[in-house]
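# Observations on the model geometry
For reference, the chains in residue letters:
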Amino acid sequence: MKIKDGYMLREMAGNGIVVPVGDDTADFNGAVTLNETGAFLWKQLQSDKTAYELAKALADNYEVSDEDALKSVERFIKKLKEADLIE
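Residues numbered from 1 in each chain as written. Predicted model: local features only at pLDDT ≥ 70, side-chain atom pairs only at ≥ 80, totals over all residues. Heavy atoms only, no water.

### Regarding the overall build of the protein
- Looking only at helices and strands, one finds 3 helices and 3 strands in the protein.
- For the protein, the succession of helices and strands along the chain, N to C, is β-β-β-α-α-α.
- Scaling as 2.2 N^0.38, a compact globule of 87 residues should have a C-alpha radius of gyration of about 12 Å, and the protein matches this with 13 Å.
- Here the C-alpha coordinates of the protein stretch approximately 40 × 30 × 20 Å along the principal axes.
- By the burial criterion, 36% of the 87 residues in the protein qualify as buried. (Helix = DSSP H or I, 4+ residues; strand = E, 2+ residues; numbered from the N terminus. Rg over C-alpha atoms; globule rule 2.2 N^0.38 Å. Buried < 20%, exposed > 50% of the residue type's maximum accessible area, 1.4 Å probe, protein only.)

In structure tokens:
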């Protein structure tokens, strides 16, 4: 899975903000703000990754258990799917 084309992560006031670009601007309602780990995962999803690959990267980068990392990744992916930002 990866982030759909037409969305970018911008840094504003210490937060990651997802913004639409191009044709997706008209269809995007609201805003998505990401914390540090959310922004980290977003950047990982610029290329095709599995949930397990994301969890491994998260566990390695933030020194959390593989189990906790996978739970966090699953919650994050669910939110991205609800916002229709992932393919």
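### Digging into the sheet that holds strand S2 (residues 15-20)
- The sheet built from 3 strands is open, its strands ordered S1-S2-S3 with antiparallel pairing. Among the strands making up the open sheet, the edge pair consists of strand S1 (7-12) and strand S3 (32-34). Across the sheet, the mean angle from the axis of one strand to that of its neighbour is 35 degrees, orientation sign disregarded.
- Pairing between S2 and S3: 3 bridges, direction antiparallel. Opposite Ile17, over in S3, you have Thr33 as the bridge partner. (Pairing = 2+ DSSP bridges. Axes fitted to C-alpha atoms, helices over the stretch in contact; angles between N-to-C directions.)

### Focus on the packing of aromatic side chains
- Summed over all chains, the structure comprises 1 aromatic pair.
- A centroid spacing of 5.6 Å and a plane angle of 85 degrees characterise the contact between Phe40 and Tyr62, whose relative ring orientation is edge-to-face. Linking Phe40 in helix H1 (residues 36-44) with Tyr62 in helix H2 (residues 51-62), this pair joins segments that are 22 residues apart in sequence.
- Look at Phe40 and you get buried, because its relative accessible area is 16%. (Phe/Tyr/Trp six-rings, centres within 6.5 Å; stacked < 30°, edge-to-face > 60°.)

### Notes on the nonpolar core
- Membership of the largest hydrophobic core comes to 25 residues, with the highest contact counts inside it found for Val18, Trp42, Val73 and Leu80.
- Mapped onto this core, the elements with two or more residues apiece are S1, S3, H1, H2 and helix H3 (66-82). (Core = buried A, V, L, I, M, F, W, Y, C linked by side-chain atoms within 4.5 Å.)

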